[in-house]
Amino acid sequence: MARVAPEENYLQDLKDRFQEAEVLDDSQVPIIDFSGDPKYIVDAIAWACQEWGFFQAINHGVPIASMKNVLKLAKEIFNQTSEENEAYNSLGNKLSDDPSEAYRYGSGFNNRKDAKPIDLKYFLRLDYSLAQQEDIWPESPSYFREVMKEYHDQVSAFGHCLLDNISKGLGLENSYDLKVMGEKIICIMNYYLPYHTPELVKGVSAHSDPRAISILIQDDVGGLEVCKDGRWFAVKPVKYAFVVNIADQLQIMTNAKYKSAEHRVRAHPEKSRLSVVAFFGPGMDTVVGPLPEMVSEENPPLYRECATKDYLTQFYANGLDGKRSLDYVKLDRAKV
Ligand code: OGA
Ligand code: NI
């Protein structure tokens, strides 16, 4: 793929650069086998969510062909010119700040020209619900719609299975409480540019995802890292695994029993990298706060209730900045 960095403003300040020495071995990032005993799966997910907020899922039931197809599609999309991909943006090739657009192609984190330094990547973002409604899906590559529809059905089934297992692990009587977390799915394809001196740039700055859970496919290049107790771990690619992470709204709903995982991506010196992420969360009008089952007199609410659209608006306004977005809903007693 012949791509060059779009702008000059991607060099990181010294204090913000990733340090090589910080990254530890990946051996401890949990891998959960979904072909196992149902009780093992519930317990393994509960443990991983509580300890890491992050795990890899293998034998998850999504056909390998479907995963391969979506990666192949992503590869083809990023081989097209930016003009071809921008043609579907509602503002043509003008960059937009509106996170609610159904389809968006851009570079860096959020398309803002003044957001410096940018992450060294291109992305294509598709809001599945809006895109289906408005039928604005691209017609090129020719198999775009077919592949994305099939992938939606597959990843959404896996996402709902995950939410159900998470509910069980939390002992929630009513799995409906978490079902709302799968109302909306946003899909983002990421294409990371190589950079000869990776320590000077970032693929993606450290952040937690704002919604409920994120389900990611990465190719075999590597570079994704997760933070646990202040230390960074490499999430080494496992063929056809999904990388799953807990995002902010699930932290809020569980009153911090499960914490969103901070993660980032390191650029590679020679290779470009692809990932496809499905972000699951509630609809824009859904108000999210700690679930009644997750609070008690000894364990009072740590967060206030907040409409999803307000949470997301301030997330996009902040830019990627660790877990700062949670400050917006923290009550005084909350430390995380
Ligand atoms: C994201 C993200 C990681 C990756 O898109 O929010 O963290 O590996 N992506 O692409
Ligand atoms: Ni992320």
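Up top is the structure these notes are about.
Quick caveat, the model's predicted, so the values are computed rather than measured. (Residues numbered from 1 in each chain as written. Chains lettered and ligands numbered in written order. Predicted model: local features only at pLDDT ≥ 70, side-chain atom pairs only at ≥ 80, totals over all residues. Heavy atoms only, no water.)

**Student:** I'm lost on the sheet that holds strand β1 (residues 23-24) in this one. Help?
**Tutor:** The strands making up a sheet associate through hydrogen bonds between their backbones, and the pairing can be parallel or antiparallel. Within the open sheet, the 5 strands sit side by side as β1-β10-β9-β12-β7. Their pairing is mixed. Each edge of the open sheet carries a strand with a single partner, namely β1 and β7 (204-207). The pairing of β1 with strand β10 (residues 231-234) spans 2 bridges and is classified as parallel. Bridged to Leu-24 within β10 is Phe-233. (Pairing = 2+ DSSP bridges. Helix = DSSP H or I, 4+ residues; strand = E, 2+ residues; numbered from the N terminus.)

**Student:** It is not clear to me how the coordination of the nickel ion (ligand 2) should be interpreted in this structure. Could you clarify?
**Tutor:** Metal coordination angles have textbook ideals: 109.5 degrees for a tetrahedral set of four donors and 90 or 180 degrees for an octahedral set of six. Looking at the nickel ion (ligand 2), one finds its protein donor set to be His-207 (NE2), Asp-209 (OD) and His-263 (NE2), positioned 2.1 Å from the metal centre. As a motif over one chain, the donors of the nickel ion (ligand 2) read H-x1-D-x53-H. Within this pair, whereas His-207 is found in strand β7, its partner His-263 is found in strand β12 (residues 263-265), the two being separated by 56 residues in sequence. His-263 gets classed as buried once you look at its relative accessible area, which sits at 7%. (Donors = N, O, S within 2.8 Å, 3.2 Å for Na, K, Ca; no water. Buried < 20%, exposed > 50% of the residue type's maximum accessible area, 1.4 Å probe, protein only.)

**Student:** Sorry, what's going on with helix α5 (residues 144-170) here?
**Tutor:** Two residues of an α-helix separated by three or four positions point the same way, owing to the 3.6 residues in each turn. Between its first and last C-alpha atoms α5 spans 38 Å; for 27 residues at 1.5 Å apiece the expected length is 39 Å, and the two agree. Looking at the residues trailing α5, positive phi occurs at Gly-171, about 75°. (Expected span 1.5 Å × (residues − 1).)

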